[in-house]
Amino acid sequence: LPLPVPVDGEPLPIEAIFTGYTIDVVNPVDIRLLCLNGGFGQGMLSRAFPVCMTNARDATRKRKRHLPASTQDPSAGMIEEPLCLFLEEAFFLMHVLNILCLKDTRGNTISVAQAFCKVPESEAQLPGRATSKNWIIKSGIKFGGDFVIYVKGPQFYHASYIVLIQEVFDGADMQSSAIDGLDFQGFNRIAETTGKDLLFLEVHYPSALDLSDDAACLERVKDVHVAETFTKHHNYLAARNHA
């Protein structure tokens, strides 16, 4: 997948605002750049791309109130829909690609270290890992998981996997992310009902890492290893017929 990287060394100063709940990109040029190069973010009022990326006729259903149509500007009365980035995506764009300038509502610049404090350590590397495998990663809260991953993006295909994060420190599962047999049955039922598969990502922290020290975690974020475990459905009837 293409990424919004600088061309010929020219910087791409994309600005975003952290409202305390969401990270909003409001410039239509920046929105197109992020959407078409890596599938980053999601429209605040849309299931996928914001209205500036879709057909102008979609603007009608996204108005808060009915306004008279303009013969000069088809988007008159349309809400300016921002692109909302997830914390993990914003950190990836800041720390890895170095193209995002994040500010708070008062205009103060948020550093990479400050942004990292808001991202769980287990999820800091996931956007980069998914992008390297040509996957688009989005929030999985709708399906009870940590993330879902798509081929090309949600505007093209349904999600292929429900991603569950398991944190491993010094060879043992951390209790905060442990999944027992009953949980697995529940997740497996959701995945089967929605036509998806489960993907477990084991995040292995270095044994000498102090997880309470954000500065140390940011410095050694590249030392965190991720292992993948795929689950497959077994069709007993088909297996018996082929026996």
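Analysis parameters
Residues numbered from 1 in each chain as written. Predicted model: local features only at pLDDT ≥ 70, side-chain atom pairs only at ≥ 80, totals over all residues. Heavy atoms only, no water. UniProt positions renumbered as here; feature names shortened; annotations may be inferred. Helix = DSSP H or I, 4+ residues; strand = E, 2+ residues; numbered from the N terminus. Contact = heavy atoms within 4.5 Å. Buried < 20%, exposed > 50% of the residue type's maximum accessible area, 1.4 Å probe, protein only. Lys, Arg positive; Asp, Glu negative; His and termini not counted. Salt bridge = Lys/Arg side-chain N within 4 Å of Asp/Glu carboxyl O. Expected span 1.5 Å × (residues − 1). Arc of directions from axis to C-beta. Pairing = 2+ DSSP bridges. Patch = residues over 30% accessible without salt bridge, like charges linked within 9 Å, V, L, I, M, F, W, Y side chains within 5 Å. Areas by Shrake-Rupley, 256 points an atom, 1.4 Å probe, with all protein chains shown as cover. Phe/Tyr/Trp six-rings, centres within 6.5 Å; stacked < 30°, edge-to-face > 60°.

- Identification of the protein chain as tRNA-intron lyase from Anopheles coluzzii is taken from an unreviewed UniProt entry.
- Among the UniProt annotations of the protein chain, the heading Sequence similarities (unreviewed entry) holds the following wording: "Belongs to the tRNA-intron endonuclease family."

**Describing the overall build of the protein chain**
And then number 1: Along its length, the protein chain carries 7 helices and 12 strands.
And then number 2: If you take every contact in the protein chain between residues at least 6 apart in sequence, the share linking residues at least 24 apart comes to 58%.

**Concerning the side chain of Glu-88**
And then number 1: With respect to the helices and strands, the residue Glu-88 is situated in helix α2 (residues 87-95).
And then number 2: Although buried, Glu-88 forms no salt bridge, and the nearest oppositely charged side chain, Lys-138, lies 10 Å from it.
And then number 3: Excluding its chain neighbours within four sequence positions, the residues that come into contact with Glu-88 are Val-119, Pro-120, Glu-123, Pro-127 and Phe-147.

**A look at helix α5 (residues 181-193)**
Structurally, the α-helix is built with 3.6 residues per turn, so residues lying three or four positions apart point the same way.
And then number 1: Spanning 13 residues, α5 covers 18 Å between terminal C-alpha atoms, matching the ideal 18 Å at 1.5 Å per step.
And then number 2: Among the residues of α5, those classed as buried are Phe-187, Asn-188 and Ala-191. In an axial view of α5, the angular spread of the buried residues amounts to 105°, which keeps them on one side of the axis. Set apart from the buried face of α5 by more than 90 degrees, the exposed residues are Leu-182, Gln-185, Arg-189 and Thr-193.
And then number 3: As for α5, its buried residues are in contact with β9 (161-169) and β11 (197-205).
And then number 4: Of the residues one or two after α5, Gly-195 is the one with positive phi, at around 70°.

**Considerations on the environment of Ala-124**
And then number 1: Considering the arrangement of structural elements, one finds Ala-124 in the loop between α3 (112-116) and α4 (126-132).
And then number 2: C-alpha of Ala-124 to C-alpha of Leu-87: the two residues are 37 residues apart in sequence and 8.8 Å apart in space.
And then number 3: With residues near it in sequence (within four places) discarded, Ala-124 still touches Phe-91, Phe-116, Val-119 and Val-221.

**Some words on the pairing of β11**
And then number 1: The sheet contact formed by β9 and β11 spans 9 bridges and is parallel. Looking at the pairing, Val-163 lines up with Leu-199 of β11.
And then number 2: Two strands pair when backbone bridges link them, and β11 and strand β12 (residues 225-230) are joined in this way by 6 bridges, in the antiparallel orientation. Note on β12: the bridge partner recorded for Leu-201 is Glu-228.

**Details of a nonpolar patch on the surface**
And then number 1: There is a patch of nonpolar side chains on the surface, built from Val-151, Phe-156 and Tyr-157 and spanning about 300 Å² of accessible area.
And then number 2: As for its placement among the helices and strands, Tyr-157 is situated in the loop between β8 (147-151) and β9.

**Some thoughts on the packing of aromatic side chains**
And then number 1: Applying the stated criterion across every chain yields a total of 5 aromatic pairs.
And then number 2: Ring geometry for Phe-40 versus Phe-92: centroids 6.1 Å apart, planes at 25°, classification stacked. Highlighted residues: Phe-40 in the loop between α1 (28-36) and β3 (42-43) and Phe-92 in helix α2, separated in sequence by 52 residues. With respect to burial, Phe-40 and Phe-92 carry one shared label: buried.
And then number 3: Between Tyr-161 and Phe-230 the ring centres are 5.4 Å apart and the planes differ by 65°, which places this aromatic pair in the edge-to-face class. With a gap of 69 residues between them, Tyr-161 in strand β9 and Phe-230 in strand β12 connect regions that are remote in the sequence.

**Overview of the pattern of salt bridges**
And then number 1: A full pass over the atoms with the stated rule returns 2 salt bridges.
And then number 2: In this structure, Lys-103 and Glu-15 form a salt bridge, with 3.8 Å as the shortest nitrogen-oxygen distance. One end of the pair, Lys-103, is in strand β5 (residues 100-104); the other, Glu-15, is in strand β1 (residues 14-18), with 88 residues separating them in the sequence.
And then number 3: Residue Lys-103 is classed as partly exposed on the basis of its relative accessible area of 23%.
And then number 4: You can call Glu-15 partly exposed: its relative accessible area is 45%.
And then number 5: Between Glu-89 and Lys-138 there is a salt bridge; the shortest N-O distance is 3.7 Å. Remark: Lys-138 occurs in strand β7 (residues 135-139) and Glu-89 occurs in helix α2; sequence separation between them is 49 residues. An identical accessibility class is assigned to Glu-89 and Lys-138; each is buried.

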